[in-house]
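Structural features, examined
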Amino acid sequence: SIFEHLIILIKKKTNILVTLIINPKYERLRDYLVNIADHFEDTGRTLPMVNNGIRLLDVDGLTLCVKHYDRTSWRNRLAVRIYKASKGQHSYNCAAQLRERGFATQEPVAYVAYRRNLMDQNMYFVGVFSNYRHSLHEAFGMPHSERAELLESFARYAARLHEEGFLPIACRADNILFDRIDGRYRFSILDTGNMKCGRKVSVEKGCKSLAALQADDAFNSALIRAYAAARGADEAECQKYFERAKS
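Residues numbered from 1 in each chain as written. Predicted model: local features only at pLDDT ≥ 70, side-chain atom pairs only at ≥ 80, totals over all residues. Heavy atoms only, no water.

**Description of the state of the cysteines**
- Within the structure shown, the criterion is met by one disulfide.
- Here cysteine 94 is linked by a disulfide to cysteine 197, with a sulfur-sulfur distance of 2.3 Å. Since a negative S-S torsion denotes a left-handed disulfide, the cysteine 94-cysteine 197 link at about -85° is left-handed. In this pair, cysteine 94 sits in helix H4 (residues 87–100) while cysteine 197 sits in strand E13 (residues 195–197), placing the two residues 103 residues apart along the sequence.
- Overall, cysteine 197 belongs to the partly exposed group, its relative accessible area being 27%. (Disulfide = S-S within 2.5 Å. Helix = DSSP H or I, 4+ residues; strand = E, 2+ residues; numbered from the N terminus. Buried < 20%, exposed > 50% of the residue type's maximum accessible area, 1.4 Å probe, protein only.)

Rendered as structure tokens:
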């Protein structure tokens, strides 16, 4: 359960307050994680398949996937201080919830926040990197005959994700990894920071989310057809929601 994870406050010599939420399974990495900002800048390597500010770090036989969240508006920072979870902490919690529901995503390792004063905070989400080899963006260039099975599998995956109450606010193709494992396509969410977790997602909202993939017309048509079937929805209605979101 995500509620079993630890919360630790550490005062560094630099007068920076470090908030560390750590998965007890990775307690051995505590000292490393407290200094994750330095490791991120000094030894982090970028992912060739995506362009979203994520870097990879190797430590203790693990490949860690680290996302740095830039400073947000002062209003958002004030909300975080008063009542709202930060995007980094939300990523940690949402990744844990996804895995509890049987969805593949990086195993949460830690959320780390550095605060100099009341409003100045840098945040990092750390997970164990998924070894899926492709991003969904690569599917756009596949021959239509080869990507038909992939599209059907992804539509069923998206439908189940939405049925379980998970909705990526911006469903970017480079944020969805996939691979063929044991003869079946499997999918994994890379960055959970922009995902809503809660109530079952309506068909309309699900279709609007898929429109953010920005694929070609043939890809979109096949995806919506398969998604409508997976949700037991009317295909024409789904197409209407999809087109409305794109316009």
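After that view of the structure, there is still more to cover.
**Observations regarding the packing of aromatic side chains**
- Across all of its chains, the model carries ten aromatic pairs by this definition.
- An angle of 80° between the planes, with centres 6.1 Å apart, marks the rings of phenylalanine 103 and tyrosine 157 as edge-to-face. Of this pair, phenylalanine 103 sits in the loop between H4 and strand E6 (104–105) while tyrosine 157 sits in helix H5 (residues 144–163), and the two are 54 residues apart along the sequence. Exposure class is identical for phenylalanine 103 and tyrosine 157. Each is buried.
- Geometrically, the ring pair formed by tyrosine 114 and tyrosine 124 is edge-to-face, given 6.0 Å between the ring centres and 90° between the ring planes. Taken together, the residues span a long stretch of sequence, with tyrosine 114 in strand E7 (residues 107–115) and tyrosine 124 in strand E8 (residues 121–128) at a distance of ten residues. (Phe/Tyr/Trp six-rings, centres within 6.5 Å; stacked < 30°, edge-to-face > 60°.)

**Quick look at the nonpolar core**
- Residues Leu136, Phe154, Phe187, Leu210 and Leu213 are the most contacted members of the largest nonpolar core, which totals 38 residues.
- Listed by contribution, the elements that provide at least two residues to this core are H4, H5, strand E11 (176–181), strand E12 (184–189), helix H6 (203–210), helix H7 (217–231) and helix H8 (235–246).
- In terms of residue count, the dominant contributor to this core is H5 (eight residues).
- Among residues more than four places away in sequence, those in contact with phenylalanine 187 are Ala104, Tyr132, Leu136, Leu150, Ser153, Phe154, Tyr157, Ile176, Leu177 and Phe178.
- Counting 24 residues, the second largest nonpolar core, distinct from the first, contains Ile16, Val34, Leu57 and Val126. (Core = buried A, V, L, I, M, F, W, Y, C linked by side-chain atoms within 4.5 Å. Contact = heavy atoms within 4.5 Å.)

**Remarks on the sheet that holds E12**
- Spatial ordering of the open sheet is given by E6-E12-E11-E9, a layout of four strands whose pairing is mixed. On the outer flanks of this sheet lie E6 and strand E9 (134–135), each paired with one strand and no other.
- Two strands pair when backbone bridges link them, and E11 and E12 are joined in this way by six bridges, in the antiparallel orientation. Bridge pairing links arginine 180 to tyrosine 185 in E12.
- Running at roughly 50° to E12, H5 makes contact with E6, E11 and E12 of the sheet. (Pairing = 2+ DSSP bridges. Axes fitted to C-alpha atoms, helices over the stretch in contact; angles between N-to-C directions.)

**Quick word on the pairing of strand E5 (residues 62–69)**
- Among the eight residues that make up E5, seven are buried, leaving the element largely enclosed by the rest of the structure.
- Here six bridges tie strand E4 (residues 54–59) to E5, and the two strands are oriented antiparallel to one another. Note that in E5 the partner of leucine 56 across the bridge is cysteine 65.
- Hairpin remark: E4 followed by E5, antiparallel, with two residues in the connecting loop; positive phi at aspartate 60, about 55°.
- When E5 meets E8, the two strands line up antiparallel, connected through six bridges.

**Notes on the pairing of E4**
- In the sheet, strand E3 (residues 45–46) pairs with E4 via two bridges, with the strands oriented antiparallel. Bridge assignment links arginine 45 to a residue of E4, and that residue is leucine 56.

**Regarding the packing of H7 against H8**
- Look at H7 against H8: their axes get within 9 Å of each other, and the N-to-C directions meet at 135°. Overall, the two elements H7 and H8 adopt an arrangement that is oblique. The way H7 lies across H8 gives a crossing that is right-handed. Here Asp217, Asn220, Ile224, Arg225 and Ala228 of H7 lie close against H8, whose contacting residues are Glu235, Cys238, Gln239, Phe242 and Lys246.
- Partitioning the contact of H7 with H8 into residue classes produces four nonpolar, two polar and four charged. (Parallel < 35°, antiparallel > 145°, perpendicular 65-115°, else oblique. Left-handed = near helix turned anticlockwise from the far one by under 90°. Nonpolar A, V, L, I, M, F, W, Y, C, P; charged D, E, K, R; others polar.)

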